[in-house]
Each structure stands twice: as C-alpha cells, then as structure tokens.
Amino acid sequence: MATTFDITPEKEGSVLNYFWRQLTQTPAEVTGVDLSKRVAIVTGSNVGIGLECGRQLLDLGLSKLILAVRNISKGEAAAVELFKERNLEQDAIEVWELDYSSYDSVMSFADQAKGLERLDIVILNAGIMTTEMKINPNTGHEETIQTNYLSTSLLTILLIPVLKAKRAAASPPGRITITSSDTAAWARLDNKESPLLASFDKPGNIDMTNRTFVSKLLGQLFLVELAKRVPSSVVVVNAATPMMVHDSEISRDTAQSLVGKIAEVFRRRIGYTSAVGARMIVDAAVNHGEETHGQYLGLQKLKPMAPIIYSPGGERLGELLWKETLEEFSFAQVEDIIKEISR
C-alpha cells in the first residue's frame, strides 16, 4: 500500500467528486496493444460491460476468448454476435458455464481452465444488484455477498495457479482484473467484528443498495490482503471501475421499483454506455504493469480505494475478512494454494 495518489481517499470517495468525474471525464479507447496469441476469460460476458470487454479484447487481436456465463444459450447468442462483427478463427470464442451461486460450479470452471494451452487475462465482471435479501440455498449466504464477493474471491484464488502454469515463455505475468466500484467508499458496515461474513446472512430490514456497496468494499479489502501474499511476479491482480453505465442490465431488478425507475432516468442522462465503461476494465487488464498489483484503477489511472482501507481499523478489518474468507473456502484448500504460490 505504498502507492501515493494526487488526491486523498476521502475526497476521491465523496459523492460530489464521483459525479463531477462522471460528468466531465470520458475514458479513451484502448489502442496500441497487440493481444495476438493470448487467451482471456471474461465472466458475466453475455451482456453489458462483460460483453463489451470481450468485444474490445477481440479488437485488440485476442486469439481466444472464453465467455463465462450462467446461461449457456445467452452466452452462445453473445458469441454469435461477436463472430458476426469480425473475421475470427472458428475456435476463437468458447462459451463455458459458470454459476456463482454454486461453489461446485466455480471449482469446476477453474478445473476446466486447467485444460487451456495458455491463459493470459482474466476479467471477473459478473455481479448482481437485488432489491430484496435472499439466502443462497447452496451456501447459506446472502446472494449479493455470495455473488459479488465470495464466489468472485474463490475464483480469483483458484485461477492464480492456472495463470502461473499457463504463462507462455517470455510473457509478462498473467493478469486478473476485478470489476469494482467507487460505491465501496459509501458502504455502511454495521458490524466490523467477528463473525463478519455470517453477519450478512441475518434476516431483517436490509438496505440492499448499501449491501451492494458493502460487497464491493469487501472485494477491495480482499484484494489488498491477497496482494500481500501473492507476488506480482506470479500474477498481477487489480480492480477497476467502469463508473456509472446506463445499459449494462445489472440494474434490471432494482429498476422495477418507483425509486429505481427514477434512478434509471438519471442513469441514462449521465451514465456511460457499457462500451465506454468497459474501456476502463480492459485498460486495467492489458495496460500498466506490476505497479497495479493490489491496486484500484478508475478513468485509466491508479486511484484510492475506499477511505477505510487506509486506516488502522481498515487493516484490522481486512485481516479479519481474510481469515474468515479462507475458513469459508477450506473445502477448496485455498490456504495451501496461497502458500504454494507464495514460495
């Protein structure tokens, strides 16, 4: 965490500053990168930002794209769309099933990735926004935390040794880029003590908008702890925000309420298209270097994460979250994976 910024985390994380950036800045198209012979995985890639990330990677010459989706038929429709737009080899796009509601699916996906000849880039973009609290019947955890934090984190860890093993000779370390959000800075955490993860499963009158923010904060805390243990010479793991977009479909559930409908009008007026938002995710995945390991990017440059992360309390919270997360994933022997990678 030795990186210095030209703005304080508090100012960068303010609501006013967020909307100022949204209204006054637009990320550039990603160009000047040759991804020929490289292989990438993009999750949540049948629509919105994930689909646009895949499109932009292909336009940079990517040789093989894995569309990781929950619904195979929708993924195949996305693949047809991508094939129509460009002259690609017949095997340039594959559609693989990945269901974040199931740990078995996450582990099966990681095992399938071991069969690739090489793997260079992973963009973990899948995520949800919901209007009501639901408990995942497979894991017992609240769905937003399950999808946006737990399954994303498990897949991150499981794919690190795959990226290491499938790294081509003379190639730079593989890259994992996680789609994050500036809203992590706005998260309200009512509980910062153990048990932390279990506290999100308690029934009650839950503010699900805040729960989404919390899931993104947990992801940033996890990233910091992961980078302490996994060297950038093995794999570079970073996070990036696409900022506000108006056509990604992530808000399809929340847009059904009156407040959601009003928010959608506002979103359409000032939000980027998914194609523009995806530029920031793709930039984090193909540009920059090891200086982005364990860091967060926005508008195609390094930026502070949520202010709490830089406080003593945030450090303790990160350590607690890391401990509980590894305990949650004990069935996958992730602690052994981390130890092996760190050698």
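Just so it is clear, the model here is predicted, and its values are computed rather than measured.

Visitor: Looking at this model, I keep getting lost on the packing of helix α5 (residues 103–113) against helix α6 (residues 143–165). Mind explaining?
Guide: How two helices sit against one another is set out by the angle between their axes and by the gap between those axes. Between α5 and α6, the least distance of the axes is 10 Å, while the angle of their chain directions is 25°. Looking at the two axes, α5 sits roughly parallel to α6. In the packing of α5 onto α6, the handedness of the crossing is right-handed. Contact residues: Y103, V106, M107, F109, A110 and A113 in α5; Q146, L150, S151, L154, L155, L158, L159 and V162 in α6. When the residues that make up the contact of α5 with α6 are grouped by side-chain class, the tally is 12 nonpolar, two polar and no charged.

Visitor: Explain the sheet that holds strand β2 (residues 64–69) to me, please; I cannot follow it from the model alone.
Guide: Strands belonging to one sheet form pairs held by backbone hydrogen bonds; the direction of such a pair is parallel or antiparallel. What the eight strands build is an open sheet, ordered β3-β2-β1-β4-β5-β6-β7-β8; its pairing is mixed. Each edge of the open sheet is held by one strand with a lone partner, namely β3 (93–97) and β8 (301–303). Across this sheet, the average inter-strand angle for adjacent strands is 25°, counted without regard to direction. As judged from the five bridges shared by β2 and β3, these two strands associate in the parallel manner. Within β3, the residue paired with A68 across the bridge is W96.

Visitor: Just to check I follow, could you spell out the pattern of salt bridges for this structure?
Guide: Side chains carrying opposite charge are able to pair once their charged atoms draw close together. Following the criterion strictly, the structure yields 17 salt bridges and no others. Salt-bridge contacts for K303 lead to D182; the nearest nitrogen and oxygen are separated by 2.8 Å. Taken together, the residues K303 in strand β8 and D182 in the loop between β5 (174–179) and α7 (208–229) connect sequence positions 121 residues apart. Notably, a salt bridge pairs R188 with D207, separated by 3.3 Å at the nearest N-O pair.

Visitor: Just to check I follow, could you spell out the packing of aromatic side chains for this structure?
Guide: We describe a pair of aromatic rings using the distance from one ring centre to the other and the angle between the two ring planes. Within this structure, the stated rule accounts for nine aromatic pairs. The interplanar angle of 85° and the centroid separation of 5.1 Å between the aromatic rings of Y18 and F19 together place this pair among those described as edge-to-face. Judged by relative accessible area, which is 7%, Y18 ranks as buried. Between Y149 and F222, the ring centres sit 6.0 Å apart and the planes meet at 80°, which makes this aromatic pair edge-to-face. Here Y149, found in helix α6, pairs with F222, found in helix α7; they are 73 residues apart in sequence, far enough to count as distant. Looking at Y149, the relative accessible area reads 1%, which means it is buried.

How each quantity is defined
- Residues numbered from 1 in each chain as written.
- Predicted model: local features only at pLDDT ≥ 70, side-chain atom pairs only at ≥ 80, totals over all residues.
- Heavy atoms only, no water.
- Axes fitted to C-alpha atoms, helices over the stretch in contact; angles between N-to-C directions.
- Helix = DSSP H or I, 4+ residues; strand = E, 2+ residues; numbered from the N terminus.
- Parallel < 35°, antiparallel > 145°, perpendicular 65-115°, else oblique.
- Left-handed = near helix turned anticlockwise from the far one by under 90°.
- Contact = heavy atoms within 4.5 Å.
- Nonpolar A, V, L, I, M, F, W, Y, C, P; charged D, E, K, R; others polar.
- Pairing = 2+ DSSP bridges.
- Salt bridge = Lys/Arg side-chain N within 4 Å of Asp/Glu carboxyl O.
- Phe/Tyr/Trp six-rings, centres within 6.5 Å; stacked < 30°, edge-to-face > 60°.
- Buried < 20%, exposed > 50% of the residue type's maximum accessible area, 1.4 Å probe, protein only.

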